[in-house]
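Breakdown of the fold
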Amino acid sequence: MSTRILRAALCAAALAPFSARAHEIVGNRMFPATLAIDDPGVADELSFPTISAYRTGDNPSARQLDVSAEFSKRLTEDFAVSFEPTWSRIKAPGTPAASGFQNLETTFKYRAFKNVEHEFVASVGINIEWGGSGAQSIGAERASAYTPTFYFGKGFGDLPDTMQWARPFAITGQVGYAFPSSRSAAGDDGEIEINPDVLVWGASLQYSMPYLKSAVADLGLPDFINRLIPLVEFSMATPVGHSFSSGTVTTGTINPGVLYIGDTYQLGIEAVIPVNRQSGQGVGVIGQLHFFLDDIFPNSIGRPILASSPTLARFGK
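Bear in mind the structure is a predicted one, so any value in this text is a computation, not a measurement.

On to the environment of Pro-274, then. Along the polypeptide, Pro-274 turns up in strand S17 (residues 265-274). For Pro-274, a relative accessible area of 21% gives the class partly exposed. Along the sequence, Pro-274 and Tyr-54 sit 220 residues apart, while their C-alpha atoms lie 9.5 Å from each other. Setting aside anything within four residues of it in sequence, one finds Pro-274 in contact with Gly-252, Thr-253, Ser-279, Gly-280, Gln-281 and Gly-282.

Spelled out as structure tokens, the structure:
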């Protein structure tokens, strides 16, 4: 199986360049930018840099370093577009290192539903990987890939008083269906391979210390601790159609880590643990610096282009 087909032709495959993502405010709940999957956020933000290092699922495994950025801009309060370039360096055993840009990715996202009382939000969107915009030397495909996706987030602040300890918990998730613009492509060995359709799915489980202090109980913990969100994510990709040459093995990673929430920025770091040999070898790492443009520039570039009122201040300010 060519891992290049799953990694590059299908933009959301589990070992694709990891992405910086938006965040969302629902009542007292902040759904932060997560590193392995996208969340339901629609916001004005800049993520730079997001750096990941891991070993691929190729045989033999190659060492890959990805450095990416993402700029997200709201056109309206509920609709945003983001652009994400990624530079990669890939070193396979016995061969010179190859480097260059992956195909450019663009995501259009619309927040379709928000319920403050139950801390629930849902969005729909489509991610487009623009085929031919990246370097072939690192496996960037000539075909484009399209991934319509459903995103959701649910906080547990509506639990009864007997379960106050669990109210800081939240989950986010995504389900998408990735399909290529071209069904066939030349493989690494020159043979024609079929680009499959892939079910892209994942979730995160989070425990928000900021929520614990602001909405449950102030335990008098140090400010640094009160700004942390421990979490674990998993990001998976399962070929579900036209998978004659790629097989149907699910690939993906499990990412335990922690986020630090500042007033105008966020820091995050996670381990990258492959779920099987096809997903990679050994444990990798990913780190991210993320800026809240709607807090830094609330009356200019941090506002929706078609805004009717200034962006509301975030919780805890």
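In this chain, Phe-48 is followed by Pro-49 through a cis amide linkage whose omega measures -5°. With respect to the helices and strands, Pro-49 occurs in strand S3 (residues 45-55). Here the amide bond leading from Asn-59 into Pro-60 is cis, since omega sits at 5°, within 30 degrees of zero. Of note, Pro-60 is situated in the loop between S3 and strand S4 (63-74). For Glu-119, which is not glycine, the phi dihedral falls at a positive 50°. Tracing the sequence through the fold places Glu-119 in the loop between strand S8 (105-115) and strand S9 (120-129).

Attention shifts here to a nonpolar patch on the surface. A surface patch of nonpolar side chains, amounting to about 520 Å² of accessible area, comprises Leu-205, Val-232, Phe-234, Ile-254, Ile-273, Val-275 and Val-283. Checked against the element boundaries, Val-283 lands in the loop between S17 and strand S18 (284-292). The exposed category is assigned to Val-283, whose relative accessible area is 62%.

Moving on: the pattern of salt bridges. Working definition: two side chains of opposite charge can pair if their charged atoms are close together. Counting across every chain of the model gives 13 salt bridges. Where Asp-78 meets Arg-111, a salt bridge forms, and the shortest distance between an N and an O atom there is 2.8 Å. Placement of Asp-78 in the loop between S4 and strand S5 (79-84) and of Arg-111 in strand S8 is noted, with a sequence separation of 33 residues between them. Asp-78 gets classed as partly exposed once you look at its relative accessible area, which sits at 27%. The salt bridge involving Asp-263 is made with Arg-227; its shortest N-O contact spans 3.3 Å. Of this pair, Asp-263 sits in the loop between strand S16 (251-261) and S17 while Arg-227 is found in the loop between helix H3 (223-226) and strand S15 (228-241), placing the two residues 36 residues apart along the sequence. Owing to a relative accessible area of 45%, Asp-263 belongs among the partly exposed residues under this scheme. Members of the salt-bridge network, linked through shared partners, are Glu-24, Asp-78, Arg-111 and Lys-114.

Another aspect to go through is helix H2 (residues 209-216). Among the residues making up H2, those that are buried are Met-209, Pro-210, Tyr-211 and Leu-212. The elements touched by buried residues of H2 are strand S2 (29-31), strand S14 (197-207), H3 and S15. Taking the backbone nitrogen of Tyr-211 as reference, a side-chain oxygen 3.0 Å away marks Ser-208 as the first, capping residue of H2.

With that settled, consider the confidence of the model for the protein. The pLDDT averaged across the protein works out to 89; a share of 86% of its residues lies at or above 70. Below pLDDT 50 for its whole length, residues 1-22 participates in 113 contacts with residues either more than four positions away or in separate chains. Counted against residues more than four places away or in other chains, residues 310-317, with its pLDDT under 50, gives 20 contacts.

Below, the discussion takes up the environment of Ala-135. Structurally, Ala-135 is set in the loop between S9 and strand S10 (145-155). The exposure class of Ala-135 is partly exposed, given its relative accessible area of 23%. In contact with Ala-135, not counting residues within four places along its chain, are Gly-100, Phe-101, Ala-140 and Arg-142.

Rules of the game
- Residues numbered from 1 in each chain as written.
- Predicted model: local features only at pLDDT ≥ 70, side-chain atom pairs only at ≥ 80, totals over all residues.
- Heavy atoms only, no water.
- Helix = DSSP H or I, 4+ residues; strand = E, 2+ residues; numbered from the N terminus.
- Buried < 20%, exposed > 50% of the residue type's maximum accessible area, 1.4 Å probe, protein only.
- Contact = heavy atoms within 4.5 Å.
- Patch = residues over 30% accessible without salt bridge, like charges linked within 9 Å, V, L, I, M, F, W, Y side chains within 5 Å.
- Areas by Shrake-Rupley, 256 points an atom, 1.4 Å probe, with all protein chains shown as cover.
- Salt bridge = Lys/Arg side-chain N within 4 Å of Asp/Glu carboxyl O.
- Polar contact = N/O pair within 3.5 Å; in protein donor to acceptor, adjacent residues only side chain to side chain.
- pLDDT = per-residue confidence, 0-100.

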